[in-house]
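Architecture and fold: a report
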Amino acid sequence: MAAESNFVDYVKIYCRSGKGGRGSTHFRREKYIPKGGPDGGDGGRGGHIFLRGNRNYWTLLHLRYDRHIMATNGRGGSAKRSTGANGEDRVIEVPCGTAVYDAETGEFITDITEHGQQVMLLEGGKGGHGNTFFKTATNQAPRYAQPGMPAQERMVIMQLKMLADVGLVGFPNAGKSTLLSVLTAAKPKIANYPFTTLEPNLGIVAYRDKRSFVMADIPGIIEGASAGKGLGLRFLRHIERNALLLFMIPADTDNIAREYEILSRELVQYNEELAEKRKVLAITKCDLIDEELQEMLREELPTGLPIIFISAVAQQGLDELKDTLWKELSKESLHEPDSIVRQSLDLSSLTWDDEDDLFPAPIRDEDEEEYDDLDFDLEIEYDDDADAPTQL
Ligand SMILES: Nc1nc2c(ncn2[C@@H]2O[C@H](COP(=O)(O)OP(=O)(O)OP(=O)(O)O)[C@@H](O)[C@H]2O)c(=O)[nH]1
Ligand SMILES: [Mg+2]
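Residues numbered from 1 in each chain as written. Chains lettered and ligands numbered in written order. Predicted model: local features only at pLDDT ≥ 70, side-chain atom pairs only at ≥ 80, totals over all residues.

The name given to the protein chain in an unreviewed UniProt entry is GTPase Obg, with the source organism recorded as Porphyromonas loveana. Heading Function (unreviewed entry) of the UniProt record for the protein chain holds this comment: "An essential GTPase which binds GTP, GDP and possibly (p)ppGpp with moderate affinity, with high nucleotide exchange rates and a fairly low GTP hydrolysis rate. Plays a role in control of the cell cycle, stress response, ribosome biogenesis and in those bacteria that undergo differentiation, in morphogenesis control." For the protein chain, the Cofactor (unreviewed entry) comment in UniProt is given as "Mg(2+)". (UniProt positions renumbered as here; feature names shortened; annotations may be inferred.)

So this is what it looks like as structure tokens:
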């Protein structure tokens, strides 16, 4: 499904840092300096792999087609104490809100939430010391050098979890996209059939005194969503970070309290911590019922959360809704929203498009170290029984 869509919020990629270049075992050889002493340089460091937040990306689409990300190796050291070049680093640009997990264990690795935030995912191998480094008073002609440190590799899963203050939660057709379209400049598709919205949409709600907050319209949830029905769990991850959830149930629903129960249950089954989020309930499409009916409805509503009657179409109750949302957002959070994001992934819950196999990239011939032939000339120059070479 996601393959046809440009909204890519999941990707599995293989990353490898560069290995360190090896140190050189070289001895100085010049025409009139017969025993020139060690002059092998250090190897260069292998390239690192970094992640960097970039607000110009909204999805992980750009990573879909570049799923093997490899830094290059450090070069070996060489004669005249020359240090090998460092490998080239690779920076993976990701949208703000990207959480990264180990694809084999599900372990949470890191979370990129800000533009410019940079995190090292894999460290390049350190370069080995050349024989010059090992020269001491008692061993003036070391015939050894260090190899570079190995590369690191890791298969990772990246998930985008959108950064929004308020997440809209409701059954299909509840009027979520309509509300987003009247409160923000976003232009989501709106229609009188379920699952009109197939991708989350974000909008900025302007509030008084130039204040604003971000609202996310996510596709409709149905009973059984946490077990994979409808669009299933795929989009529930986008409400993980929301400080506040706005539940939306149409006024002409037979049993509002029951619908509220079903929605709450689906969320909790997805993740228990969602139960701790602040909630507001909007009874939508109130233009469909009269005042009298509204009064009757009040009797049978769920308790324990602010409830606002609205109509996006008739522009009723919208200011009151914004006031309530702002008030709730300003309260101290009951719980740190990002703690859910930082939990390990349950790999068995990944049932959608992720199982297109991705294999580690093979180590190619050109990745293997190149030897500097000069290094092997040393036996000709030095006789093992000879004294240590004279001063450089
Ligand atoms: N009468 C009335 N109809 C509304 C109101 N808000 C939305 N609708 C209608 O309800 C239908 C569904 O609205 P959407 O905004 O697409 O609903 P949704 O919750 O985004 O639906 P999905 O994307 O399918 O989950 C559309 O035909 C809207 O015109 C309202 O305040 N009053
Ligand atoms: Mg919609």
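**A look at the environment of L160**
Its place among the elements puts L160 in strand β8 (residues 153–160). Note on L160: 25 C-beta atoms within 10 Å, which makes it buried. Contact partners of L160, with chain neighbours within four places excluded, come to D9, T59, L60, P95, G97 and T98. (Helix = DSSP H or I, 4+ residues; strand = E, 2+ residues; numbered from the N terminus. Buried ≥ 20, exposed ≤ 12 C-beta atoms within 10 Å, placed from the backbone. Contact = placed C-beta atoms within 7 Å.)

**Describing the site of ligand 1**
Around ligand 1, the surrounding shell holds 24 residues, and the nearest of these are G175, S177, N192, T197 and G220. Sort the elements by how many residues they give to the shell around ligand 1 and helix α2 (residues 176–183) lands first, with three residues. Tallied by class, residues from the shell around ligand 1 come to 10 nonpolar, 11 polar and three charged. (Near = placed C-beta within 6 Å. Nonpolar A, V, L, I, M, F, W, Y, C, P; charged D, E, K, R; others polar.)

**Overview of the sheet that holds strand β4 (residues 90–94)**
Within a beta sheet, neighbouring strands are joined by backbone hydrogen bonds and run either parallel or antiparallel to one another. Taken in spatial order, the three strands make up an open sheet running β4-β2-β7, and their pairing is mixed. Strands with a single pairing partner mark the edges of an open sheet, and in this sheet they are β4 and β7 (118–122). Each neighbouring strand pair of the sheet contributes to a mean axis angle of 30 degrees, computed without reference to strand direction. (Pairing = 2+ DSSP bridges. Axes fitted to C-alpha atoms, helices over the stretch in contact; angles between N-to-C directions.)

**Looking at the UniProt feature "binding site: Mg(2+)" (unreviewed entry) in the protein chain**
With numbering aligned to this structure, UniProt lists the feature "binding site: Mg(2+)" (unreviewed entry) at S177 and T197. Taken along the chain, the residues just named run across 21 residues; in space they keep tight, none of their C-alpha pairs more than 7.5 Å apart. Summarising the element assignment, S177 is placed in helix α2. Overall, the presence of 24 C-beta atoms within 10 Å leaves S177 in the buried class. In contact with S177, other than residues within four places in its own chain, are P188, K189, I190, T196, T197 and D217. Secondary-structure assignment places T197 in the loop between α2 and β10 (201–207). A residue is classified by how many C-beta atoms lie within 10 Å of it, and T197, with 23 of them, is buried. Discounting chain neighbours no more than four positions away, the residues touching T197 are K176, S177, P188, K189, D217, P219 and G220.

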